[in-house]
Structure formats: structure tokens, C-alpha cells
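Results of the structural survey
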Amino acid sequence: QVQLVESGGGLVQPGGSLELSCVLSGSKFAFKTYDVNWYRQAPGQEREPVASISKDNEKKYADSVKDRFAISRDNGRKTAYLEMFSLKVEDTAVYYCNTIQSLTRGSSWGQGTQVAVYT
């Protein structure tokens, strides 16, 4: 059974940086066969996409985080990363990792990691 574990969240002041990690385990498929997405959900709001990286390393970003966030992956470590720079109060949310296996289209979610940007 696929498991995703996010880490790296925390408290930071505006303008600060954090790096989130998402580690995959329990899959018979290689990590390189997964598309990886980062989502976030702020209190009282719907979950929204933040960034994605395909199995072919194609990257996409929400307009709200473009030029401030960077998504990457290390297939050997079965890990995806989300580097967040110039954080704003409005980036406060629980951040979730999601993977989609390219062959089966099976989707998995992590438990989320809290990011809080406070003044």
C-alpha cells in the first residue's frame, strides 16, 4: 500500500523560507513513474493545487506561488520537495502531497504538514 509522508512544515515570519519533503513508500512501482502534486488547504477554504512535477520532470505552478516556490524530485530517494521562498501570510495552510501513478492512475495522499506564516 502506497504511503506518503510529508515533513518540513513549521512557523515562519513573512519573507522566510521552508522546504517541504514528501517521501513515498510501499509501492511496487518506481517513484520515477509517478506524477507528484502539492496542494494546500487554508482554514475554511477548499484544497487548491500549488505545484506539480510530472514523471518527465515537467513543472507547473499556481500563479500565486510562481517565482516564489520551486518543486523538485529525487527519484533515487523516492522524495519530492517543495521549496518555498518569500513566504506570505496568505501561504498559511496545510500542505499535502499527492501522487498519481502513470500506469494505473492510482492516486495517493499524504497526511499533510502545517505551514504557518505569522507576523
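Here's what I pulled together on the structure shown here. Residue positions within a chain follow its written sequence, with the count starting from 1. Where local features are concerned, this predicted model is filtered to residues with pLDDT of at least 70; where side-chain atom pairs are given and counted, the filter is 80 or more; whole-chain, interface and lining totals use all residues. No hydrogens and no water enter the side-chain calculation; it runs on all heavy atoms of the structure.

**So, the sheet that holds strand 1 (residues 3–7)**
One requirement defines pairing of two strands: DSSP has to find at least two bridges between them. Where helices and strands are cited, they refer to DSSP runs of H or I of at least four residues and of E of at least two residues respectively, numbered from the N terminus. Pairing is antiparallel in the open sheet, where 4 strands are placed in the order 1-3-8-7. Sheet topology places strand 1 and strand 7 (69–74) at the edges, where each strand pairs with a single neighbour. Along the sheet, successive strands turn relative to each other by an average axial angle of 15°, direction set aside. The pairing of strand 3 (residues 18–25) with strand 8 (residues 79–84) spans 6 bridges and is antiparallel. Its bridge partner lying in strand 8, Cys22 is registered against Ala80. Comment: axis = line fitted to C-alpha atoms, over the contacting stretch for helices; angle = value between 0 and 180 degrees taken between N-to-C directions.

**Section: the nonpolar core**
Buried Ala, Val, Leu, Ile, Met, Phe, Trp, Tyr and Cys residues that are joined via side-chain atoms within 4.5 Å together make up what is termed a nonpolar core. Throughout, exposure labels follow a simple rule: accessible area from a 1.4 Å probe, protein chains only, divided by the maximum for the residue type, with under 20% read as buried, over 50% as exposed, and the rest as partly exposed. Counting 26 residues, the largest nonpolar core has Trp38, Val50, Phe69, Leu82, Met84 and Tyr95 as the members making the most contacts within it. Mapped by element, the contributors of at least two residues to this core are strand 3, strand 4 (34–41), strand 5 (48–53), strand 7, strand 8, strand 9 (93–101) and strand 11 (113–117). Looking at this core element by element, the count peaks at 4 residues for strand 3.

**Concerning the state of the cysteines**
Covalent bonding between the sulfur atoms of two cysteines defines a disulfide. Disulfide assignment relies on a single distance test, namely cysteine sulfur atoms paired within 2.5 Å. Tallying each qualifying case throughout the model produces 1 disulfide. Across the disulfide from Cys22 sits Cys97; the S-S distance is 2.0 Å. Here the disulfide of Cys22 and Cys97 is left-handed, its torsion about the S-S bond being about -75°. Here Cys22, found in strand 3, pairs with Cys97, found in strand 9; they are 75 residues apart in sequence, far enough to count as distant. A relative accessible area of 0% places Cys97 in the buried class.

**So, the pattern of salt bridges**
Put simply, a salt bridge is a Lys or Arg side-chain nitrogen that is within 4 Å of an Asp or Glu carboxyl oxygen. According to the stated counting rule, one finds 6 salt bridges in the structure shown. Here Lys66 makes a salt bridge to Asp63, at a shortest N to O gap of 3.1 Å. Owing to a relative accessible area of 67%, Asp63 belongs among the exposed residues under this scheme. With a closest N to O distance of 2.7 Å, Arg68 and Asp91 form a salt bridge.

**With respect to the packing of aromatic side chains**
Only rings of Phe, Tyr and Trp enter the pairing, Trp through its six-membered ring, and a pair is recorded when the two centres are within 6.5 Å. The plane angle decides the type: under 30 degrees is stacked, over 60 is edge-to-face, the rest tilted. All chains considered together, the criterion is met by 1 aromatic pair. Plain terms: the ring middles of Tyr39 and Trp109 are 4.9 Å apart, the flat faces sit at 55° to each other, and that makes the pair tilted. Of this pair, Tyr39 sits in strand 4 while Trp109 sits in strand 10 (residues 107–109), and the two are 70 residues apart along the sequence. A relative accessible area of 22% means that Tyr39 is categorised as partly exposed. Seen from the ring of Tyr96, Arg47 lies directly overhead, with NZ or CZ sitting 3.7 Å from the centre. Whether a charge lies above a ring is judged from NZ of Lys or CZ of Arg, which has to be within 6 Å of the ring centre and within 35 degrees of the ring normal. A cation over an aromatic ring shows up here: Arg47 above the ring of Trp109, its NZ or CZ 4.8 Å from the ring centre.

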